[in-house]
Amino acid sequence: MPGDAAADWGRGVPADYLKELADYWRSEFDWRAQEAALNAFPQFHTEIDGQRIHFLHVRSPEPGAVPLLVTHGYPSSIAEFTHILGSLTDPRAHGGDPADAFHVVVPSLPGFGFSTPLASGGWELGRTTEAFAELMNRLEYDRYGVQGGDIGAGITGRLAATRPGNVIGAHVNSDRGALGMVGEQLPLPDDLTAGEQAVVERAQAAWKEERGYLDVQCHRPDTIAAALTDSPVGQLAWIVEKFQAWTNPAAATPDAAVDRDQLLTTVSIYWFTRSGASAARFLYETAHSTLDWAPPSGTPNGWAVFNSDPVLRRIMDPDHKISHWSDFAQGGHFAAMEAGDLLVEDVRTFFRTLRP
């Protein structure tokens, strides 16, 4: 059973909720069953630029399938996508049109999950983009689509900008939380209405309250690394708090928003691989790079915004130049886990006109 829905999250993860979830993780969660489910997907690793890169590579039975690189963000892993891989690769078996099939490649970011340990410093968004382009080249995918959210959205955008001859289209998923970065990483229009300005200001205030996790990792990653690799409950709390903050607020607790076992599979992957430390170092390197997260691109791009607010498009796409934009009331930051059917259908719709 999920923890107390009435618990106050204003100071972080409530102790009673955390204790109940930790007890379930220790006593009832079946890691071996989750491990078997992960291992049902073909998995590989290769070395690129001196770094071990782990990835899922699930080929479609459909001969006309289009390759699709899907990239996760933070605090996530390949486990975010396990419930949608079947629909993406074999739509015929999942009530869809076989013409919408994809060959799906899902890498673990360097320093995350099974792309560990980090072989060296300097792994950030740009270097990772180059590594993933090389991965697709090694798989002999010359033309492919890209999709991602959070860090994955940054890699998706950079691949579209730097590999226009290879990338047929770039699809990202986001949520209204992006509004908190207006004036920081996103432009602040000067023609917002008073109501729109109020929406942005509330989002900015919320982001200011919760961005401590990012400030610590971007400036003192080795300090938090000690806590995240020494205490399993500490790692659990660190990730669960972000799931509470970033999933749809209509859900009272993280495991009311996403499947509890899928959530704990992600936490387990972080704990078993000690990637709480190396993921923090990835965030540090990215924060200290001079990379443009949104370089200009002529590649077709699509956005799917979950738990959306129309102000976001006013800011991100005021002239409606983005070829495909979808707003959904459901879901949130972890769209593949919260609203997988909606995400799959949006990805299918976006790429439908871009297929060879």
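Fair warning: this is a prediction, and the values are worked out from it, not measured in the lab.

Reading guide: rules and limits
- Residues numbered from 1 in each chain as written.
- Predicted model: local features only at pLDDT ≥ 70, side-chain atom pairs only at ≥ 80, totals over all residues.
- Heavy atoms only, no water.
- Core = buried A, V, L, I, M, F, W, Y, C linked by side-chain atoms within 4.5 Å.
- Buried < 20%, exposed > 50% of the residue type's maximum accessible area, 1.4 Å probe, protein only.
- Helix = DSSP H or I, 4+ residues; strand = E, 2+ residues; numbered from the N terminus.
- Axes fitted to C-alpha atoms, helices over the stretch in contact; angles between N-to-C directions.
- Left-handed = near helix turned anticlockwise from the far one by under 90°.
- Contact = heavy atoms within 4.5 Å.
- Nonpolar A, V, L, I, M, F, W, Y, C, P; charged D, E, K, R; others polar.
- pLDDT = per-residue confidence, 0-100.
- Expected span 1.5 Å × (residues − 1).
- Salt bridge = Lys/Arg side-chain N within 4 Å of Asp/Glu carboxyl O.

### Comments concerning the nonpolar core
Inference 1: Counting 90 residues, the largest nonpolar core has Tyr 74, Ile 151 and Leu 236 as its most contacted members.
Inference 2: No other element matches helix α9 (residues 232-246), which puts seven residues into this core.
Inference 3: Among the nonpolar cores identified, the runner-up in size contains 16 residues, and Leu 192, Val 199, Ile 315 and Trp 325 belong to it.

### So, unusual backbone geometry
Inference 1: Residue Pro 75 follows Tyr 74 across a cis peptide bond; omega there is -5°.
Inference 2: Among the structural elements, Pro 75 can be located in the loop between β3 (66-71) and α3 (85-89).
Inference 3: Going from Thr 116 to Pro 117, the amide bond is cis rather than trans, its omega being 0°.
Inference 4: With respect to the helices and strands, the residue Pro 117 is situated in the loop between β4 (102-107) and α4 (125-138).
Inference 5: For Glu 140, which is not glycine, the phi dihedral falls at a positive 65°.
Inference 6: Among the secondary structure elements, Glu 140 is positioned in the loop between α4 and β5 (144-149).
Inference 7: Backbone geometry at His 320 places phi at a positive 55°, although glycine is not the residue there.

### Re the packing of helix α1 (residues 15-27) against α9
Inference 1: Close contact between α1 and α9 brings their axes to 11 Å; oriented N to C, the two are set at 120°. Considering only the axes of α1 and α9, their crossing is right-handed. Contact residues: α1 offers Tyr 17, Leu 18, Leu 21, Ala 22 and Trp 25, while α9 offers Pro 232, Val 233, Leu 236, Ala 237 and Val 240.
Inference 2: For the contact of α1 with α9, the residue count by class is ten nonpolar, no polar and no charged.

### With respect to the confidence of the model for the chain
Inference 1: On average, residues of the chain carry a pLDDT of 94, and 97% of them reach 70 or more.
Inference 2: This stretch, residues 1-6, has a pLDDT under 50; its non-local contacts, to residues over four places away or in other chains, come to 15 contacts.

### Overview of helix α15 (residues 340-352)
Inference 1: Taking 1.5 Å per residue, 13 residues should reach 18 Å; α15 reaches 18 Å between its end C-alpha atoms and fits that length.
Inference 2: For α15, every residue scored as buried is listed here: Gly 340, Leu 343, Val 344, Asp 346, Val 347, Arg 348, Phe 350 and Phe 351.

### Notes on the pattern of salt bridges
Inference 1: As enumerated under the stated definition, the model contains 20 salt bridges in all.
Inference 2: Taking the shortest distance from any N to any O, the salt bridge between Glu 196 and Arg 314 comes out at 3.2 Å. Taken together, the positions of Glu 196 in helix α6 (residues 194-210) and Arg 314 in helix α13 (residues 311-316) put the pair 118 residues apart, joining distant regions of the chain.
Inference 3: Taking the relative accessible area as the measure of exposure, Glu 196 reaches 16% and is therefore buried.

### Some points on the side chain of Gln 217
Inference 1: Along the chain, Gln 217 falls in helix α7 (residues 212-219).
Inference 2: Leaving out residues up to four positions away in the same chain, Gln 217 has contacts with Tyr 74, Ile 224, Leu 228, Trp 238, Gly 276, Ala 280, Leu 283 and Tyr 284.

### Observations concerning the environment of Phe 351
Inference 1: Summarising the element assignment, Phe 351 is placed in helix α15.
Inference 2: In the structure, Phe 351 is positioned 283 residues away from Leu 68 in sequence and 9.9 Å away in space, judged by C-alpha atoms.
Inference 3: Non-local contacts of Phe 351, meaning those with residues more than four positions away in its chain, are made with Leu 68, Phe 102, Gly 145, Val 146, Ile 168, Gly 169 and His 171.

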